[in-house]
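# A closer look at the structure
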Amino acid sequence: MSDNCSFCKIADGEISSHKVYEDEKVFAFKDINPQAPVHIIIIPKKHINSLETILEEDEAVLGHIQIVASKIAKRFPEMKKGFRLINNCGLDGGQTVFHIHYHLLGGRVFAWPPG
Ligand code: AMP
Ligand code: ZN
């Protein structure tokens with residue numbers, strides 16, 4: 001838990017969210033400003049600033065997030081034909097909340113390259 005981190009507060013229940021998944025390592029909730037019909041944020045409960053600052057010891061939880069993303073996607077019929085899992089890293093990457101998180105998006109066709 002890091003003071004003044006809104007995503008730590010969401011994982012802790014101090015800030016309310018629409019939870020879609022939780023286990024001992026990971027928390028997932030609906031994005032407040034969805035960019036697709038389904039837009040879920042997946043975070044480790046451990047505070048990590050960004051993909052730039054991960055440590056070897058974070059390998060298990062970051063791998064686990066991929067398993068969780070796949071499980072959540074299976075629950076939504078909108079993601080039956082595919083989905084996108086995105087990490088925005090740092091200012092140029094478009095990161096606005098500095099607690100590492102993955103966007104799970106589905107329910108529409110996504111363009112490539114991203115904007
Ligand atoms: P990023 O720009 O990659 O850092 O993404 C941060 C995401 O968190 C944005 O899509 C926001 O809409 C979302 N977000 C920020 N605060 C909240 C919140 N309190 N509840 C749900 N989603 C949030
Ligand atoms: Zn945090």
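Residues numbered from 1 in each chain as written. Chains lettered and ligands numbered in written order. Predicted model: local features only at pLDDT ≥ 70, side-chain atom pairs only at ≥ 80, totals over all residues. Heavy atoms only, no water.

### Some words on the site of ligand 1
Filter applied, for reference: We call a residue near a given molecule or strand whenever any one of its heavy atoms falls within 4 Å of it. Using the Shrake-Rupley algorithm and a 1.4 Å probe, accessible areas are obtained, with residue cover drawn only from the displayed protein chains. Numbered from the N terminus, helices here are DSSP runs of H or I no shorter than four residues, and strands are runs of E no shorter than two. When residues are grouped by polarity, Ala, Val, Leu, Ile, Met, Phe, Trp, Tyr, Cys and Pro land in nonpolar, Asp, Glu, Lys and Arg in charged, and all others, Gly among them, in polar.
Close to ligand 1 lie 14 residues, the nearest being Asp31, Asn88, Thr96, His101 and His103. Alone, ligand 1 offers 510 Å² of accessible surface; in the complex the protein occludes 82% of this. Counting only elements with at least two residues in the shell around ligand 1, the list comes to α1 (6-12) and β2 (26-30). For the shell around ligand 1, a count of residues per class yields 5 nonpolar, 7 polar and 2 charged.

### What about the nonpolar core?
Nonpolar side chains in soluble globular proteins tend to be buried together. Quick reminder of the rule: Residues belong to a common nonpolar core when they are buried Ala, Val, Leu, Ile, Met, Phe, Trp, Tyr or Cys residues joined through side-chain atoms within 4.5 Å. Partly exposed residues are those whose accessible area sits between 20% and 50% of the maximum for their type, while under 20% is buried and over 50% is exposed, using a 1.4 Å probe and protein chains only. Any two residues whose heavy atoms approach within 4.5 Å at even a single point are treated as in contact.
Counting residues in hydrophobic clusters, the biggest one holds 20 residues, and the most contacted among them are Tyr21, Val26, Ala28, Ile40, Ile42, Ile72 and Leu104. For this core, the secondary-structure elements that each account for two or more residues are β1 (19-22), β2, β3 (38-44), α2 (59-75) and β5 (102-106). Counting residues per element, this core draws most heavily on α2, which supplies 7 residues. Once residues lying within four places of it in the same chain are set aside, the contact partners of isoleucine 42 are Val26, Phe27, Ala28, Ile65, Val68, Ala69, Ile72, Leu85, Ile100, His101, Tyr102 and Leu104.

### A few points about the packing of aromatic side chains
Aromatic ring pairs are described here by two measures, namely the spacing of the ring centres and the angle between the planes. The test is simple: Only rings of Phe, Tyr and Trp enter the pairing, Trp through its six-membered ring, and a pair is recorded when the two centres are within 6.5 Å. The plane angle decides the type: under 30 degrees is stacked, over 60 is edge-to-face, the rest tilted.
According to the stated counting rule, one finds 2 aromatic pairs in the structure shown. Residues phenylalanine 7 and phenylalanine 29 carry aromatic rings whose centres are separated by 5.3 Å and whose planes lie at 80° to one another, so their mutual orientation is edge-to-face. In this pair, phenylalanine 7 sits in helix α1 while phenylalanine 29 sits in strand β2, placing the two residues 22 residues apart along the sequence. Residue phenylalanine 29 is classed as buried on the basis of its relative accessible area of 4%. Ring geometry for phenylalanine 27 versus phenylalanine 29: centroids 6.1 Å apart, planes at 45°, classification tilted. Taken together through their ring pairs, the aromatic side chains of Phe7, Phe27 and Phe29 make up a single cluster.

### A word on the pairing of β1
As a reminder, the rule being used: Only when DSSP finds a minimum of two bridges between them are two strands counted as paired.
Of the pairings in the sheet, the one linking β1 to β2 comprises 3 bridges and is antiparallel in character. Across the sheet, residue glutamate 22 finds its bridge partner in β2, namely phenylalanine 27. Counting the residues that bridge the hairpin from β1 to β2 gives 3 residues.

### Digging into the sheet that holds β3
Basically, it comes down to this: Lines are fitted to the C-alpha atoms to define the axes, a helix being fitted only along its stretch in contact, and any angle between axes, read from their N-to-C directions, falls within 0 to 180 degrees.
Spatial ordering of the open sheet is given by β1-β2-β3-β5-β4, a layout of 5 strands whose pairing is antiparallel. The open sheet terminates on both sides in strands that have one partner only, identified here as β1 and β4 (83-86). With strand direction ignored, the average angle separating the axes of adjacent strands in the sheet is 20°. Bridge analysis of β3 against β5 gives 5 bridges, and the strand direction is antiparallel. Across the sheet, histidine 39 pairs through a bridge with leucine 105, a residue of β5. The sheet strands contacting α2 are β1, β2, β3, β4 and β5, and the helix crosses β3 at an angle near 155°.

### So, the coordination of the zinc ion (ligand 2)
Operational definition: Metal-coordinating donors are taken as N, O and S atoms lying within 2.8 Å of the metal, or within 3.2 Å when the metal is Na, K or Ca; because water is left out, some sites can appear incomplete.
Around the zinc ion (ligand 2), the protein contributes the donor atoms Cys5 (SG), Cys8 (SG), His47 (ND1) and His99 (ND1), at 2.0 to 2.3 Å from the metal centre. In primary sequence terms, the donor set of the zinc ion (ligand 2) follows C-x2-C-x38-H-x51-H. With cysteine 8 in helix α1 and histidine 99 in the loop between α3 (90-93) and β5, this pair connects stretches of sequence that are 91 residues apart. Of the residues examined, histidine 99 reaches a relative accessible area of 0% and is grouped as buried.

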